[in-house]
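# Working through the structure, step by step
Take a look at the letters that make up each chain.
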Number of protein chains: 2
Amino acid sequence: MDDEDAVLATNETFYRAFANGDGKAMEMIWADKYPVVCIHPGWDALTDRGSVIESWHGILQNAPPVRCRAAQAFLYGDTALVICEEHIHGGLLVATNLYVREDGIWKIAHHQAGQVFELSADEEDEDVVEEDDEDEDEDDGPDSSNVVH
Amino acid sequence: MDDEDAVLATNETFYRAFANGDGKAMEMIWADKYPVVCIHPGWDALTDRGSVIESWHGILQNAPPVRCRAAQAFLYGDTALVICEEHIHGGLLVATNLYVREDGIWKIAHHQAGQVFELSADEEDEDVVEEDDEDEDEDDGPDSSNVVH
């Protein structure tokens, strides 16, 4: 199995633990020799392993029916990025998962997931930006402003 | 300058180009030998360098007054992660920036930014989750459900 296949298989293991509410498998897949970071949607970053693992045990008490789709791996030597969609309750998020080779085994070192806005056919981009501004004042981000481009 | 300082300096260069609307500096800082990926808030992932650079040129036509704060670097050999806050128009986002050492120079290989929900003193976590469900049906993410924990 080449690195790309191995990283994608580890990404599948991550989402299997997530969907199955398997706290032990989730704990095992996170790196323990390299630093770990996790940014849950709407949260500030968790930057120590204890907080990250604790947050996942909390999530997995009510594990949502998450499905990972369209996973793509990007290799950087002994680290790798997997970008994938998370389908949950009919909603769509896009996730960054960073993996690091630790004693020859790929482990997850970072996860960030964020919502993807889906425009209806009669929606204009400007409307989405305005809607964001009304819903969450702090959502006037540098990048969502680019939705109009 | 050690790797942590060098990566944080490169992160500052990224945000200087961003805030100054400097398209040339932004283009120069992205990796060109390793794959690049960018996830703007609300967008699906851009997974080729041409699309990423084009998206930034679009953003920089109306560069927002972004300020990077609380940057932390995490090292993984020849790659490094910087997690930081983005303050824009009084709003708060949290960003993942992945850097890779390319010919001895740190370049950015991946950026994802997402909104941070800020709770008012009289808000309960559940209210935030419900509000998300009302505002964006697809925002019932695996992780925002964890806001209640």
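Here the structure is a predicted model, which means the values were calculated and not measured.

## Observations regarding the overall build of chain A
For chain A, the count of helices and strands is 4 helices and 5 strands. Overall, chain A shows an N-to-C arrangement of helices and strands of α-α-β-α-β-β-β-β-α. Sorting the 149 residues of chain A into buried and exposed places 54% on the buried side. Counting only contacts in chain A whose residues sit at least 6 apart along the sequence, the fraction spanning at least 24 positions is 42%. Working note: accessible area of chain A is about 6,200 Å², and carbon and sulfur atoms make up 45% of it.

## Re unusual backbone geometry
Residue and element names in this part refer to chain A. Despite not being glycine, Ala-70 has its phi angle at roughly 55 degrees, a positive value. As for its placement among the helices and strands, Ala-70 is situated in strand β2 (residues 67-76). One non-glycine residue, Asp-103, adopts positive backbone phi at about 50 degrees.

## Structural notes on the sheet that holds strand β1 (residues 37-39) of chain B
Residue and element names in this part refer to chain B. One open sheet holds the 5 strands; their spatial order is β1-β5-β4-β3-β2, and the pairing between them is mixed. With partners counted over all chains shown, the strands left at the sheet margins are β1 and β2 (67-76), one partner each. Direction aside, neighbouring strands of the sheet carry axes that sit 20 degrees apart on average. Note: strand β3 (residues 79-88) against strand β4 (residues 91-102), 10 bridges, orientation antiparallel. In the sheet register, His-87 faces β4, and the bridge partner there is Leu-92. The strands touched by helix α1 (residues 3-20) are β2, β3, β4 and β5 (105-115); relative to β2, the strand with the most contacts, the crossing angle is about 145 degrees.

## Remarks on the packing of aromatic side chains
Any two aromatic rings considered together are summarised by their centre-to-centre distance and by the angle between their planes. All told, the structure shown has 14 aromatic pairs over all chains when counted by the stated rule. Look at B:Phe18 and B:Trp56: their rings are 4.8 Å apart centre to centre, the planes differ by 80 degrees, and that puts the pair in the edge-to-face class. Placement of the pair is B:Phe18 in helix α1 and B:Trp56 in helix α3 (residues 49-60), with a sequence separation of 38 residues. Here the two residues B:Phe18 and B:Trp56 agree in accessibility, since each one is buried. Taken together, the aromatic side chains of A:Phe14, A:Tyr15, A:Phe18, A:Trp30 and A:Trp56 make up a single cluster linked through ring pairs.

## Some thoughts on the environment of A:Arg101
Residues and elements named next belong to chain A. Tracing the backbone through its elements, the reader meets Arg-101 in strand β4 (residues 91-102). By relative accessible area, Arg-101 is classed as partly exposed at 24%. As a C-alpha pair, Arg-101 and Val-7 span 94 residues in sequence and 9.3 Å in three-dimensional space. Beyond its immediate stretch of four places on either side in the chain, Arg-101 contacts Asp-3, Tyr-34, Gly-77, Asp-78 and Trp-106. At 3.0 Å, the side chain of Arg-101 and the side chain of Asp-3 are in polar contact. A distance of 3.3 Å separates a polar side-chain atom of Arg-101 from the backbone oxygen of Gly-77.

## Describing the side chain of A:Glu102
Residue and element names in this part refer to chain A. Along the polypeptide, Glu-102 turns up in strand β4. We classify Glu-102 as buried; its relative accessible area is 4%. In this structure the side chain of Glu-102 is engaged in a polar contact, spanning 3.1 Å, whose partner is the backbone nitrogen of Asp-32. Leave out the neighbours within four places in its chain, and Glu-102 touches Ala-31, Asp-32, Lys-33, Tyr-34 and Lys-107.

## Focus: the packing of α1(B) against α3(B)
In helix packing, the relevant descriptors are the interaxial angle and the interaxial distance, both defined with respect to the helix axes. Residues and elements named next belong to chain B. Between α1 and α3, the least distance of the axes is 8 Å, while the angle of their chain directions is 50 degrees. When the axis of α1 is compared with that of α3, the two are oblique. Between α1 and α3, the residues in contact are Phe-14, Ala-17 and Phe-18 and Trp-56, Ile-59 and Leu-60, respectively. Split into classes, the residues belonging to the contact of α1 with α3 amount to 6 nonpolar, no polar and no charged.

Here is what the cut-offs are and how they apply
- Residues numbered from 1 in each chain as written.
- Chains lettered and ligands numbered in written order.
- Predicted model: local features only at pLDDT ≥ 70, side-chain atom pairs only at ≥ 80, totals over all residues.
- Heavy atoms only, no water.
- Helix = DSSP H or I, 4+ residues; strand = E, 2+ residues; numbered from the N terminus.
- Buried < 20%, exposed > 50% of the residue type's maximum accessible area, 1.4 Å probe, protein only.
- Contact = heavy atoms within 4.5 Å.
- Areas by Shrake-Rupley, 256 points an atom, 1.4 Å probe, with all protein chains shown as cover.
- Pairing = 2+ DSSP bridges.
- Axes fitted to C-alpha atoms, helices over the stretch in contact; angles between N-to-C directions.
- Phe/Tyr/Trp six-rings, centres within 6.5 Å; stacked < 30°, edge-to-face > 60°.
- Polar contact = N/O pair within 3.5 Å; in protein donor to acceptor, adjacent residues only side chain to side chain.
- Parallel < 35°, antiparallel > 145°, perpendicular 65-115°, else oblique.
- Nonpolar A, V, L, I, M, F, W, Y, C, P; charged D, E, K, R; others polar.

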